[in-house]
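Coordinate analysis (summary)
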Amino acid sequence: MTDQRRSFPLPPPPPSRRAVLNAVPADDYLDPSQVETVAESTGQILYRLLRRGIVRVFSGIEWLLGATVLTIALAVLASLPVGQFLSLGYMLQAGARVARSGRFRDGFIGIRLAARL
């Protein structure tokens, strides 16, 4: 038997988002203005990374606060006679969303909103 597999050519890789720098000889082609531009862009990159890290930390704190408030609110609501049905409805809705999408994170309904209350 001969191997009759088809070989499909791979698509070309997507173009890089980084700028391609041209190599220049180390003679007199390097201006001080170019060096300053690189330093400024490095500072901007560091600023963006620092800002992104701070935003993620505060976003995580907001999510944890919302989860805590929502847990306490559902516990208080479950202690009231009619509120038991509302907290049960919330739990059923959260379980249904997880079952429909298959993602556990879809079950956390209103976490960010609860953090802001």
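Fair warning: this is a prediction, and the values are worked out from it, not measured in the lab.

1. Structural notes on the environment of Ala73
You can see Ala73 is positioned in helix H1 (residues 32–79). Since its relative accessible area comes to 40%, Ala73 is described here as partly exposed. Sequence separation between Ala73 and Ala114 is 41 residues; the distance between their C-alpha atoms is 9.0 Å.

2. Details of the packing of aromatic side chains
This model, assessed by the stated rule, comprises two aromatic pairs. Taking the centre distance of 5.2 Å and the plane angle of 75° together, the rings of Trp63 and Phe108 count as edge-to-face. With Trp63 in helix H1 and Phe108 in the loop between helix H2 (83–101) and helix H3 (111–116), this residue pair connects regions lying 45 residues apart in the sequence. The class for Trp63 is partly exposed, based on a relative accessible area of 31%.

3. Comments concerning the nonpolar core
Residues Ala67, Leu70, Leu74, Tyr90, Ala94, Ile109, Ile111 and Ala114 constitute the largest nonpolar core, which totals eight residues. At the level of secondary structure, the elements contributing two or more residues to this core comprise H1, H2 and H3. At three residues, the largest contribution of residues to this core is made by H1. With near-sequence residues (within four places) excluded, Leu74 lies in contact with Ser87, Tyr90 and Met91.

4. Points about H2
Count 3.6 residues to each turn of an α-helix, and residues three or four apart come out pointing the same way. Across its 19 residues, H2 extends 27 Å between first and last C-alpha, which sits within 8% of the 27 Å expected from 1.5 Å per residue. Within the span of H2, buried status applies to Gly83, Ser87, Tyr90 and Ala94. One side of H2 holds all its buried residues, which, seen down the axis, span an arc of 50°. Turned more than 90 degrees away from the buried face of H2 sit Phe85, Leu92, Ala99 and Arg100, all of them exposed. Within two residues after H2, Gly102 carries a phi angle of roughly 80°, on the positive side.

5. Thoughts on the pattern of salt bridges
Per the stated rule, a full pass over the model turns up three salt bridges. Between Glu62 and Arg116 there is a salt bridge, and its shortest N-O distance comes to 3.1 Å. Taken together, the residues Glu62 in helix H1 and Arg116 in helix H3 connect sequence positions 54 residues apart. Between Asp106 and Arg103 there is a salt bridge, and its shortest N-O distance comes to 3.1 Å. Classification of Asp106 as partly exposed rests on a relative accessible area of 21%.

6. Quick notes on a nonpolar patch on the surface
Residues Leu50, Ile54, Val57, Phe58 and Ile61 make up a contiguous nonpolar surface patch of roughly 510 Å² in combined accessible area. With respect to the helices and strands, Ile61 occurs in helix H1.

About the cut-offs
Residues numbered from 1 in each chain as written. Predicted model: local features only at pLDDT ≥ 70, side-chain atom pairs only at ≥ 80, totals over all residues. Heavy atoms only, no water. Helix = DSSP H or I, 4+ residues; strand = E, 2+ residues; numbered from the N terminus. Buried < 20%, exposed > 50% of the residue type's maximum accessible area, 1.4 Å probe, protein only. Phe/Tyr/Trp six-rings, centres within 6.5 Å; stacked < 30°, edge-to-face > 60°. Core = buried A, V, L, I, M, F, W, Y, C linked by side-chain atoms within 4.5 Å. Contact = heavy atoms within 4.5 Å. Expected span 1.5 Å × (residues − 1). Arc of directions from axis to C-beta. Salt bridge = Lys/Arg side-chain N within 4 Å of Asp/Glu carboxyl O. Patch = residues over 30% accessible without salt bridge, like charges linked within 9 Å, V, L, I, M, F, W, Y side chains within 5 Å. Areas by Shrake-Rupley, 256 points an atom, 1.4 Å probe, with all protein chains shown as cover.

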